[in-house]
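Results of the structural survey
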Amino acid sequence: MKEKVFFLGKWQQGEEYFDIKSPYDLKTLWEFPFLSSEDVQKAIDFLEKNKKIMKDMSRHKRAQILENARNILEKRKEEVAKTISLECGKTIKEAKTEVERGIDTLTYSFIETKSYKEEVVPLDSSKYGEGKMGFYIREPLGVVATITPFNFPLNLALHKIAPSVGVGNCIVFKPASYTARTGKLLVEILLEAGYPPECIAFLTGSGSVVGESIVQNDYVKAVSFTGSLEIGERISRIAKMKRITLELGSNSACVVFKDSEWEKYLERMVRGAYALAGQVCISIQRIYVEKEIYDEFSQRYLEKVKTLKVGDPLSEETDVGPMIDEANAIRAENWLKESEEKGAEILPEIKREGTILYPCIVKNASEDTKVCKKEAFAPLVVINPFEKDNEVIEKVNNSIYGLQCGVFTKDIKRAFRFAKEIEVGGVIINDIPSYRVDLMPYGGVKGSGIGREGPHFTFDELSEIKLIVFNLS
Ligand code: NAP
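What counts, and where the lines are drawn
- Residues numbered from 1 in each chain as written.
- Predicted model: local features only at pLDDT ≥ 70, side-chain atom pairs only at ≥ 80, totals over all residues.
- Heavy atoms only, no water.
- Near = heavy atom within 4 Å.
- Polar contact = N/O pair within 3.5 Å; in protein donor to acceptor, adjacent residues only side chain to side chain.
- Areas by Shrake-Rupley, 256 points an atom, 1.4 Å probe, with all protein chains shown as cover.
- Helix = DSSP H or I, 4+ residues; strand = E, 2+ residues; numbered from the N terminus.
- Domains from an automatic or database assignment.
- Expected span 1.5 Å × (residues − 1).
- Buried < 20%, exposed > 50% of the residue type's maximum accessible area, 1.4 Å probe, protein only.
- Salt bridge = Lys/Arg side-chain N within 4 Å of Asp/Glu carboxyl O.
- Axes fitted to C-alpha atoms, helices over the stretch in contact; angles between N-to-C directions.
- Parallel < 35°, antiparallel > 145°, perpendicular 65-115°, else oblique.
- Left-handed = near helix turned anticlockwise from the far one by under 90°.
- Contact = heavy atoms within 4.5 Å.
- Nonpolar A, V, L, I, M, F, W, Y, C, P; charged D, E, K, R; others polar.
- Pairing = 2+ DSSP bridges.
- Buried area = accessible area lost by both parts, 1.4 Å probe.
- Right-handed = clockwise from strand over helix to strand, strands pointing away.

Attention now moves to the site of the ligand. In the region of the ligand, 30 residues are neighbours, and Thr-148, Ser-177, Ser-228, Leu-248 and Glu-375 sit closest. Backbone polar atom of Gly-205 to an oxygen atom of the ligand: 3.3 Å apart, as the coordinates give it. About the coverage of the ligand: the protein hides 89% of its 910 Å² of free accessible area. Going through the elements one at a time, helix H7 (207-216), strand S10 (220-226) and helix H8 (229-238) are the ones with two or more residues in the shell around the ligand. Ranked by residue count, the leading element in the shell around the ligand is H7, at four residues. Each of domain 1 (5-248 + 448-471) and domain 2 (253-437) accounts for three or more of the residues forming the shell around the ligand.

Here it is as structure tokens:
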């Protein structure tokens, strides 16, 4: 079925199309227009002309759009979850959770819109401020870009789009090509909720053409990007004078001390590694276990991994579905083989059928292998032993990434030390690094990105503070 894009205030056909296929059975699901850089230019010129519509809209109307969108998403949640599962390959259980989280993101953005502060600045507290009165207001940036990855096609787009609505920006939205239909549903919901059609463009096509044309366009004042380190670096090179927020990848670690209640959290540590076939930015990729409990931990962890049901993502029984495409499944399989050649033990086995890579653990992997050093983004987890605190801090930090880390211990001093010394955007004590609630400040350091998301924080990233001073003397 041929789908439409949205720009110049209306739904439009394309001239050329690309297919979106189910990652599970490779059947074509739908086709989307393959737009050109000229289309992007036209779409953004139109938004620029209309940016005053959003700038002049009152707060309560912007908040109302978010509340309406929340209610419409609530009504359409089954349809949206099924679309996510079909095109992204995540299990239907995971897709439903994503929709619930999307509803949360809209709710927090609504609350933030109603309550963000515009404050008086007590200028006369300085001797140079006598006779002056100042305050600041928050203004929209104008046209802002939302460029999103395939793995959370609804909620990660909402993390950018909902705060943009809240501060009064115009939106140019480029979804991942694998998951464009979820993006389309989101735009339908926003329009139905009352967002002005003159202020949004939904553009599909290749990242290197549509994505880059958006990033390089001078009317675009901010690029809010979630995706891989490679593309994030490219964006930071070509964006010129723009705000950029980059939410990138990771090879997140978990540290398990023998004094912790690790048995209680085994199930969560398994979920955190294999959810969405490991294709989550904060998937657990490395587990460092204190030597004395290493054998028992690995054995019990493996038993749980063996119980995971692999198969059709649309089945309520399935725990692990396919990877996004076969090329990525083959890449991960090769990384496993490399680690095996360098002495690791892969359990229960390395097994791949098309896009499905079966969940496995990698014991005693050499720290210089790809499964340790790079972002695996696959249903595998490295389990390595450690003896000393310093040693494990060094191993966790020996990464180009720094998104989140989980530390399991009952020792408060140790927990504080790790919280301070681990180089990441978030340290989670006694839970997995994959923990995220949509209001928290979320983002990374080093190759994991620049800036923080979570509606309260995204409001800062996507708006400008304007100071107004009255000379009353
Ligand atoms: P990706 O390949 O980097 O693509 C992300 C988006 O960028 C897609 O919309 C893509 O379009 C577009 N794009 C590609 N080339 C571009 C270019 N030259 N200029 C501008 N845009 C371009 O990432 P992905 O494979 O979809 O997602 C997986 C990655 O996202 C992983 O690294 C994961 O860790 C990361 N991620 C991070 C977070 C976080 O919050 N930190 C959350 C989720 C995912 P096309 O699809 O058309 O190529």
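Back to the text.
Taking 1.5 Å of rise per residue, the 13 residues of helix H6 (residues 180-192) would be expected to cover 18 Å, and the 19 Å separating its terminal C-alpha atoms lies within 8% of that figure. In terms of burial, H6 is largely enclosed, as ten of its 13 residues are buried. Listing the buried residues of H6 in full gives Ala-180, Arg-181, Thr-182, Gly-183, Lys-184, Leu-185, Leu-186, Val-187, Ile-189 and Leu-190. Gly-194, located one to two residues past H6, shows a positive phi value of around 110°.

So, on to the pattern of salt bridges. A complete count under the given rule lists 42 salt bridges for this structure. For Glu-3, the salt bridge identified is with Arg-181, shortest N-O distance 2.7 Å. Placement of Glu-3 in the segment before strand S1 (5-7) and of Arg-181 in helix H6 is noted, with a sequence separation of 178 residues between them. Residue class for Glu-3 comes out buried when judged on its relative accessible area of 1%.

Take the packing of helix H3 (residues 77-88) against H6 next. The interhelical angle for the contact between H3 and H6, taken along N-to-C directions, is 160°, at an axis separation of 8 Å. Taken together, the axes of H3 and H6 lie roughly antiparallel to each other. Between H3 and H6 the crossing geometry is left-handed. In this structure, H3 uses Glu-79, Val-80, Thr-83, Ile-84 and Glu-87 to contact H6, whose residues at the interface are Ala-180, Arg-181, Thr-182, Leu-185 and Ile-189. Among the residues forming the contact of H3 with H6, the class breakdown is five nonpolar, two polar and three charged.

The sheet built from three strands is open, its strands ordered S5-S6-S22 with antiparallel pairing. For this open sheet the edge positions go to strand S5 (120-121) and strand S22 (463-471), each flanked by a neighbour on one side alone. Sheet topology places S5 next to strand S6 (residues 132-140); two bridges connect them, and they run antiparallel. Its bridge partner lying in S6, Val-120 is registered against Phe-135.

Okay, the side chain of Thr-318 next. Here Thr-318 is to be found in the loop between helix H10 (294-306) and helix H11 (326-341). The residues contacting Thr-318, other than those within four sequence positions of it, are Thr-91, Lys-93, Lys-309, Val-310, Gly-311, Asp-312 and Pro-313.

What follows deals with the sheet that holds strand S17 (residues 360-363). Taken in spatial order, the seven strands make up an open sheet running S14-S17-S18-S13-S12-S19-S20, and their pairing is mixed. Both edges of this open sheet fall to strand S14 (345-347) and strand S20 (426-429), since each of them pairs with a single strand only. Averaged over all pairs of adjacent strands, the angle between their axes in this sheet comes to 20°, without regard to strand direction. By the bridge criterion, four bridges tie strand S12 (residues 253-256) to strand S13 (residues 286-290) in an arrangement that is parallel. If you follow Cys-254 over to S13, its bridge partner there is Ile-287. Together, S12, S13, S14, S17 and strand S18 (380-386) form the strand contacts of H10, whose direction differs from that of S17 by roughly 160°. Relative to the sheet, helix H13 (residues 389-397) contacts S12, S13, S18 and strand S19 (404-408), its axis offset from that of S13 by approximately 175°.

A separate point is the pairing of strand S3 (residues 17-21). Pairing of S3 with strand S4 (residues 28-33) involves five bridges; the strand directions are antiparallel. Each residue of the ladder has a partner; that of Tyr-17, found in S4, is Pro-33. Linking S3 back to S4 in an antiparallel pair, the connection comprises six residues, with Leu-26 at a positive phi of about 65°.

What the domain assignment reports for the protein is domain 1 (5-248 + 448-471) and domain 2 (253-437). Centre-to-centre, using C-alpha coordinates, domain 1 lies 31 Å away from domain 2. Around 2400 Å² of area is buried between domain 1 and domain 2 when both sides are counted, 60% of it from carbon and sulfur atoms. Considering only the side of domain 1, the residues that lose the most area to domain 2 are Tyr-24, Lys-93 and Ser-448, jointly responsible for 24% of the buried surface there.

Below, the discussion takes up the pairing of strand S7 (residues 143-147). With five of five residues buried, S7 is to be regarded as a mostly interior element. Between the parallel elements S7 and strand S8 (residues 170-174), the chain passes through helix H5 (residues 155-167) in a crossover that is right-handed. Judged from the five bridges that link them, S7 and S10 form a sheet pairing that is parallel. Bridging across to S10, Ala-145 finds its partner in Val-223.

Here we come to the packing of helix H2 (residues 59-75) against H6. With their axes 8 Å apart at the nearest point, H2 and H6 run at an angle of 130° to one another. It follows that H2 is oblique to H6 by the angle criterion. H6 is crossed by H2, and the crossing has right-handed handedness. Contacts from Ile-65, Ala-69, Ile-72 and Leu-73 in H2 reach Ile-189, Leu-190 and Glu-192 in H6. Tallied by class, the residues present in the contact of H2 with H6 amount to six nonpolar, no polar and one charged.

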